[in-house]
Amino acid sequence: MKLSRYAFAAALCAAAMGFTAAKAESVVHVVIEPEPPLLMQGLAQNAPTNTIAGNIYEGLLRYNQKLEPQPSLAKSWEISDDGLTYVFHLQEGVKWHDGQPFTADDVVFSLDVFLREVHPRWRPITDNQIASVEAVDPLTVRIVLKQPFGPLMTALEVASAPMIPKHIYEGTDFRTNPANNTPIGTGPYKLQEWKKGSYIHLVRNTDYWLAGHPKIDEIYWQVIPDAAARAVAFETGTIDVLPAGSVDVYDVARLSALEGACMTTGGWEMASPIAWIAVNLREGPLSDKTFRQGLMHAIDRNFGQEVVWNGLGRVPTGPIASTTRFYDPAVNIYDFDPDKARELIAQSGYKGETIRLLKLPYGEIWDRWAEAVRQNLLDVGVNVELVSSDTAGWTQKTSDWDFDMTFNFLYQLGDPAIGVSRSYVSSNIAKGNPFGNVGGYSNPAVDALFAAASAEADEAVRQAKYSEVQKILTDELPVLWLLEMEQPTIYRCDIKDLVTTAIGVNDGFRDAWRE
Amino acid sequence: MIAFLKRFSRNPAAVVGLVILVLVVAFAILAPLLYPNSPWKPVQRPFLAPFAQAGFPMGTDTLGRDVAAGLVHGARVSLQIGVVSTIVALLIGVPLGAIAGYSGGWVDDLLMRFTEFFQTIPSFALAIVMVAILQPQLGSIILAIGVVSWPPVARLVRGEVLSLRSREYVQAAITIGQSTPRIIFSQILPNTIAPIIVIGSLMVGTAILLESSLSFLGLGDPNLMSWGYMVGAGRTRLLDSWWISFFPGIAIFLTVLALNLAGEGLNDALNPRLSRGRK
Amino acid sequence: MNLIMFLLGRVAKGVVVLMAIAILNFLLIHAAPGDPAQVMAGQGGAADEELLQQLRVQYGLDKPFLTQLGIYAGSYLQFDLGFSYRQQQSVLSLIMDRLPATLLLTGSAFVISLLVGTLMGMLAARRQGHWSDGAITTVSLMFYATPLFWIALMSQIIFSLKLGWLPNVGYETIGANLSGFARMLDIGRHLILPAMTLGLFFTAVYVRMMRASMLQVAGSDFVKTARAKGLSEGVILRHHIARNAILPVVTLAGLQAGQLVGGAVLTETVFAWPGIGRLMFDALTQRDYPILLGVFFISSALVIGFNILTELVYRIVDPRIGAQG
């Protein structure tokens, strides 16, 4: 076997030599799937764009795995005692990839003009919380808030608020600016080439402001659409890093056990996604709390975690992930108990109406999960029919409330005020957004608690309010929480310091190096 | 009829094909008796190898569902999709071809342009788009497969009708003033049945394969366990749990093979003159 | 002269069919549920009505349906396939980037299957009833009747993972920076598995077709005449049987060419081959209409081109056709 491999290599001597030469500089091959539509991170925030562009662009802050703010483009910061004024001091000598200096004007332009117009998560923060953003001097920025908003300090990572070059975008139509295809950031890597359908090639930014970084010369992000083929590509050495979700969960154990392969579930602290089934509360049996409680008892969530996800993740107790701040375990707990489920369902007066369960079109594992949940529900006499759709169909059906139940997962984004409340507050009931309050849950007490907790500076008071919200929500079950997802990144062990931040691979290549 | 059976039975491959087909149909019909439980229900621990546990000759899949149960129930779904979508294709293709062949002239020209039109659009791509648009459900899958597979039928029937039309007995019927529909239905179509059955048997196999491809791309009906679904769902486990996709793969292979063998045998038996001739 | 008139006529017809296809595609695709603006906005993790409206204006989706159709048809008449806002690039350049890969893949698969298929078919027909006939027929049926993606994955496991002979994904070794002959070799190595996989299915079809066609021709009167004239079996096989038997295969091949373009979606998916089949599928799931329509248009144009070519070949192989028609 080995012999024939070498024989073949010898026959293709020229090709083989070229290959070895390229490997001599440090090169890393990473899977990217699906191929991102765009790398301009201000305009596109889908997962693959973030994974790559977080190494091209930078935010004011980075976060360690405990979600504590770390210097990035901001070297240091001060927060006034009343919690209303934030002053950021910028790094010196930072240059955009085109050689122009990065200054406080760029920060003001990014936060106050560019992202305010185009970034769906930044916009509500500027519109509702921020009174002004101004450049004090070329290296100092001052942000003044309308009211205290503690979560601001967790909202400044590269995907939530990337810094955009003012000299390229000012006065242009942001979405059609031709520069969108040649992203210019301040980050450790520059875009060298993008061969559509094949790979994205990043090279080291030799003028990077942090001396001695980055250490890896080139990164190739390879587009490989099929999960089984990705696993083979890692095993045969074509690929060095498999970001979370690249391979079938059953392959995670097998691939991590290969010689020279390592696995980590770190690097997802910022996202800490919780998967759930959103429920359309507007009409029918699902509008009844008792019925939903019955469903929660009927779904074998441990089976989901142990079998479907092959042991990855944890069964959640409520809306706030146990890995993030303000989590409170003292809530209503739902065990897997089909008998109790039948009882509650009978009590609710359910008459066998068909309930449509919309699958999430993100690959085999979500299909298996939907099948398992449907079987659980059929077992207690709930008539469930699966609906499948592609990404576009799922987005539209979920955004336009055209579902009875739909799978979804949402990032927690470091603070309940940013990542959690959006799914439960009544002000976020609006068509067009699959990550809003799609089920139509409305409870004035919950609205008030979330609002008060967000505007409160005292952590203990915030905790009390979030604890109360968690109790109410676990009783009323506006969504059925299934899993606190754990996301495995598989990589070659000779790549060091790849995952050191709360967003992992997404900005990990700044500090990574290869032995 | 007797002569036909004799000729058919002289072809051993065709007989084997027929036997396999009968078995598959029997499994499909008897599925609820053999495996009364839903094939979706997890019944054992996951990834159980074949024969590792009594009663699970084909093992279990990623969720601990019985592969054998899935295979038997899948026979129903796959055959249903194969047969119904073929009927859809025939319902479009036969009348179109017959009208084109019988009428000739501009009608023929127009209908054949229309057929060409459908042959020009890449058919698999068209099927994908149709299923995605109509949402993946049994109905849309059958319709999409039917819509992309009728053109060869139309061409075949047109050719047959064209040659039959010039035969003496048809000419005689025209002379004695029989109505056109009557001539088509009583004189012409019955004589085209043989090639239609042959092409139909081949199309059932193609349809089963097409459904499996759609399923692989995530465009199968999520509520129905077809063989295509099983192969697609098990494909990432080929290395460590080969049985999950191997058995349904073999089932597809055997069925398509049987349909082809039987179809060819049928062809030879129905056309003794052109024995072992055209496809 | 006759040939030129024929060509002109066919091209004119082709253009009409192509326009009709373009319009049909437009109608079909716009019937799809799913709003491109929503898909784009939704990926940001949040979206509001203002943002959606901005995107719709940008995509031209705020205009009435007929106006959209008019703009589309108008630009196609000027050979402008539109602009993908999602990817911020013109559709034509996106397709042209990917087309060579697809043509290389499908072209090789086509040539392999046609060559191997006709040869094997001839062999099987010559040895009718012999064990080799049975073997060829069975093996070709096996490839025909097994799902393509399953063969594709098996071949990756065997030839890439277990034997380590061939790469399992991609078009070339990424990052190798090869050029000239070395690069060609490298691409060739990557091409083997996908082209074989795609080719096998069609090989099976051609084997069956060629075998049947050979047997039919062998039984016809003019072959009997030739034999009666005392011509050698070799001459009869080459000049009489094979030459006539190949005609239906050529017709089928012209039709199959179209299937190859569409059927490459699966092969391109499994082997991460950067062709237009994959471009189309991604565009479909993202509702990137301009790309989707562009790919349909270009592949239909290719099919029409192939068909005209086939008819041309047909006329050259069999001069009687020209006289008749």
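Values in this document were obtained by computation on a predicted structure and should not be read as measured data.

The rules we used
Residue numbers run consecutively from 1 along every chain, following the written order of its sequence. Ligands are numbered from 1 and chains lettered from A, in the order in which they are written. Reporting in this predicted model follows two pLDDT cut-offs: at least 70 for local features of residues, and 80 or more for side-chain atom pairs to be given and counted; totals over whole chains, interfaces and linings ignore these cut-offs and use all residues. Values shown for side chains rest on all heavy atoms present in the structure; no hydrogens or waters enter the calculation. Helix numbers and strand numbers start at the N terminus; a helix is a DSSP run of H or I with at least 4 residues, a strand a run of E with at least 2. For the exposure calls, accessible area comes from a 1.4 Å probe over protein chains only, and a residue counts as buried if that area is under 20% of its type's maximum, exposed if over 50%, partly exposed in between. In this description, contact between two residues means that some pair of their heavy atoms is separated by no more than 4.5 Å. For this count, His and the chain ends are skipped, Lys and Arg are scored as positive, and Asp and Glu as negative. Taken as the charge centre is NZ of Lys, CZ of Arg, CG of Asp or CD of Glu, depending on the residue. To be clear on the numbers: accessible area is Shrake-Rupley with a 1.4 Å probe, and residue cover counts the displayed protein chains and nothing else. Angular values range over 0 to 180 degrees, each being the angle between N-to-C directions of two axes fitted as lines to C-alpha atoms, with helices fitted over their stretch in contact. Handedness of a crossing is defined here by the sense of rotation of the near helix relative to the far one, left-handed for an anticlockwise turn of less than a right angle and right-handed for a clockwise turn. Gly falls in the polar group here, along with every residue not listed as nonpolar (Ala, Val, Leu, Ile, Met, Phe, Trp, Tyr, Cys, Pro) or charged (Asp, Glu, Lys, Arg). For this analysis, a nonpolar core means a set of buried residues of the types Ala, Val, Leu, Ile, Met, Phe, Trp, Tyr and Cys, connected via side-chain atoms within 4.5 Å. Here the limits of each domain have been adopted from an automatic or database domain assignment. By definition, a salt bridge exists where a carboxyl oxygen of Asp or Glu is found within 4 Å of a side-chain nitrogen of Lys or Arg. Counting of polar contacts relies on pairs of N or O atoms within 3.5 Å, with two restrictions inside protein: one atom must be capable of donating a hydrogen and the other of accepting it, and residues adjacent in sequence are counted only when both atoms are side-chain atoms. DSSP-based pairing: two strands are paired if at least 2 bridges between them are found. Disulfides are defined as cysteine sulfur pairs within 2.5 Å. Accessible area that two parts lose when put together, evaluated with a 1.4 Å probe and summed over both, is termed the buried area.

**Let's talk about the overall build of chain C**
When you go through chain C residue by residue, the secondary structure sums to 13 helices and 2 strands. C-alpha atoms of chain C, sized along the principal axes, occupy 85 × 55 × 40 Å. In chain C, buried positions account for 57% of the 325 residues. When contacts within chain C are restricted to residue pairs at least 6 apart in sequence, those whose partners lie at least 24 apart make up 74%. Here chain C carries 22 positive and 17 negative side-chain charges, and the mean point of each set is 17 Å from the other.

**Examining the overall build of chain B**
Helix and strand counts for chain B stand at 10 helices and 0 strands. Listed by position from the N terminus, the elements making up chain B come as α-α-α-α-α-α-α-α-α-α. Taking the principal axes of the C-alpha coordinates as reference, chain B spans close to 75 × 45 × 30 Å. A total of 279 residues make up chain B; the buried ones form 59% of that total. Looking at chain B alone, contacts between residues at least 24 apart form 69% of all its contacts between residues at least 6 apart. Taken as a whole, chain B presents about 11200 Å² of accessible surface, with 69% of it coming from carbon and sulfur. Chain B carries 19 positive and 12 negative side-chain charges, and their two centres are separated by 6 Å.

**Considerations on the packing of helix α3 (residues 67-103) of chain B against helix α10 (residues 243-270) of chain B**
Residue and element names in this part refer to chain B. Across the interface, α3 lies against α10 with an axial gap of 10 Å and an inter-helix angle of 35 degrees. Note on packing geometry: the crossing formed by α3 with α10 is right-handed. Between α3 and α10, the contacting residues are V67, L71 and L79 on the first element and W243, I244, F247, P248, A251 and T255 on the second. In terms of residue class, the contact of α3 with α10 is built from 8 nonpolar, 1 polar and no charged.

**Thoughts on the nonpolar core**
Judged by nonpolar contacts, the single largest core of 159 residues is most densely connected at I128 and L217 of chain B together with M280 of chain C. For this core, the two domains that each supply at least three residues are domain 1 (13-80) and domain 2 (95-324) of chain C. Leave out the neighbours within four places in its chain, and I128 of chain B touches L214, L217 and L219 of chain B together with V265, M280, F281 and L284 of chain C. Formed by 76 residues, the second largest nonpolar core is a distinct cluster that contains Y57, L90, W122 and Y491 of chain A.

**Observations regarding helix α11 (residues 276-286) of chain C**
Three- or four-residue spacings in an α-helix give side chains the same orientation, since the helix completes a turn every 3.6 residues. Residue and element names in this part refer to chain C. With 10 of its 11 residues buried, α11 lies for the most part within the structure. Of all the positions in α11, only I276, G277, R278, L279, M280, F281, A283, L284, T285 and Q286 are classed as buried. The first or second residue beyond α11 is R287, which carries a positive phi of 55 degrees.

**Digging into the domain arrangement of chain C**
Residues and elements named next belong to chain C. What the domain assignment reports for chain C is domain 1 (13-80) and domain 2 (95-324). Each of domain 1 and domain 2 has a C-alpha centre, and the two are 34 Å apart. Listed as interface residues are 17 residues of domain 1 and, on the opposing side, 11 residues of domain 2. At the boundary of domain 1 with domain 2, the tally comes to 0 salt bridges.

**Here's the deal with the interface of chain A and chain B**
Each side of the interface is counted separately: chain A has 26 residues, and chain B has 25 residues. The interface formed by chain A and chain B holds 7 salt bridges in total. Of the charged contacts in the structure, one is a salt bridge between R235 of chain B and E364 of chain A, with a shortest N-O distance of 2.9 Å. On inspection of chain A and its partner chain B, the count reaches 13 residue pairs in polar contact (both at pLDDT 80 or more). Of all elements in the fold, only α7 (227-235), α8 (249-256), α10 (301-308), α12 (364-379) and β15 (384-387) of chain A reach the threshold of two or more residues within the side of chain A that touches chain B. With 7 residues, the single largest contributor to the side of chain A that touches chain B is α12 of chain A. Here the residues of the side of chain A that touches chain B are counted per class, giving 9 nonpolar, 3 polar and 14 charged.

**Observations regarding the pattern of salt bridges**
Enumeration over the complete set of coordinates arrives at 43 salt bridges over all chains. When the shortest N-O distance is used, the salt bridge between E484 of chain A and R314 of chain A registers 3.1 Å. Taken together, the residues E484 of chain A in strand β17 (residues 479-484) and R314 of chain A in the loop between α10 and α11 (338-347) connect sequence positions 170 residues apart. By relative accessible area, E484 of chain A is classed as buried at 3%. Several salt bridges share partner residues, and in doing so they unite D226, E364, R368 and E371 of chain A together with D61, R65 and R235 of chain B into one network.

**Concerning the pairing of strand β6 (residues 130-137) of chain A**
All names here are of chain A. For β6 and strand β7 (residues 140-145), the ladder comprises 6 bridges, and the chain directions are antiparallel. Along β7, the bridge assignment pairs A135 with V141. Taking the residues between adjacent antiparallel strands as the criterion, β6 and β7 are bridged by 2 residues.

**What to know about the state of the cysteines**
Residues and elements named next belong to chain A. By the definition in use, this model includes 1 disulfide over all chains. Between the sulfur atoms of C262 and its disulfide mate C493 the distance is 2.0 Å. Taking the sign of the torsion about the S-S bond as the criterion, the disulfide between C262 and C493, at about 110 degrees, is right-handed. Of this pair, C262 sits in strand β12 (residues 261-264) while C493 is found in the loop between β18 (489-492) and β19 (495-496), placing the two residues 231 residues apart along the sequence. On the basis of relative accessible area, C262 is assigned to the partly exposed category, the value being 23%. According to the relative accessible area criterion, C493 is partly exposed, its value standing at 23%.

**Points about the side chain of T324 of chain A**
Within the element layout of this structure, T324 of chain A appears in the loop between α10 and α11. Each residue touching T324 of chain A, except ones within four places of it in the same chain, is listed here: S272 and Q412 of chain A.

**Observations concerning the packing of helix α7 (residues 148-162) of chain C against helix α8 (residues 180-218) of chain C**
Residue and element names in this part refer to chain C. Contact geometry for α7 and α8: axes closest at 10 Å, N-to-C directions at 145 degrees. Handedness of the crossing formed by α7 with α8: right-handed. Contacts between α7 and α8 pair L148, I151, A152, S155, Q156, F159 and S160 from the former with L193, T197, L198, L200 and F201 from the latter. When grouped by side-chain class, the residues that make up the contact of α7 with α8 number 8 nonpolar, 4 polar and no charged.

**Details of the interface of chain C and chain A**
Of the residues lining the interface, 55 residues belong to chain C; the matching set on chain A comes to 58 residues. Among the residues chain C hides against chain A, the three largest losses belong to Q38, Q88 and I174 of chain C. Together they make up 14% of the total. Our count for the contact surface shared by chain C and chain A stands at 0 salt bridges. Viewed at the interface, chain A and chain C are joined by 2 residue pairs in polar contact (both at pLDDT 80 or more). Elements that contribute at least two residues to the side of chain C that touches chain A include exactly α2 (36-42), α3 (49-59), α5 (91-126), α7, α8, α10 (233-270) and α11 of chain C. For the side of chain C that touches chain A, the leading source of residues is α3 of chain C, giving 7 residues.

**Some points on the sheet that holds strand β5 (residues 85-90) of chain A**
All names here are of chain A. Spatial strand order, β4-β5-β7-β6: 4 strands in an open sheet with antiparallel pairing. Edge positions in the sheet fall to β4 (74-79) and β6, since each of these pairs with one other strand and no more. Pairs of neighbouring strands in the sheet enclose a mean axial angle of 20 degrees, with direction left out of account. Relative to β7, β5 runs antiparallel, the two being bridged by 5 bridges. Bridging across to β7, V87 finds its partner in R142. Contacting β5, β6 and β7, helix α4 (residues 104-118) crosses the sheet at an angle of about 165 degrees to β6.

**Here's the deal with the environment of D62 of chain C**
As for its placement among the helices and strands, D62 of chain C is situated in the loop between α3 and α4 (65-77). Not counting the four nearest positions on each side in its chain, D62 of chain C is found in contact with Q53, R56 and V57 of chain C.

**So, the sheet that holds strand β16 (residues 405-410) of chain A**
Whenever strands of a sheet pair, they do so through backbone hydrogen bonds, lying parallel or antiparallel. Residues and elements named next belong to chain A. A sheet is described by the order of its strands in space; here 5 strands give the open sequence β15-β14-β16-β13-β17, paired in mixed fashion. The sheet terminates laterally at β15 and β17, the two strands that pair on one side only. Strand-to-strand twist across the sheet, computed as the mean angle between neighbouring axes with direction ignored, equals 25 degrees. Bridge count between strand β13 (residues 274-279) and β16: 6 bridges; the pairing is antiparallel. Its bridge partner being in β16, V279 is matched across the sheet by M405.

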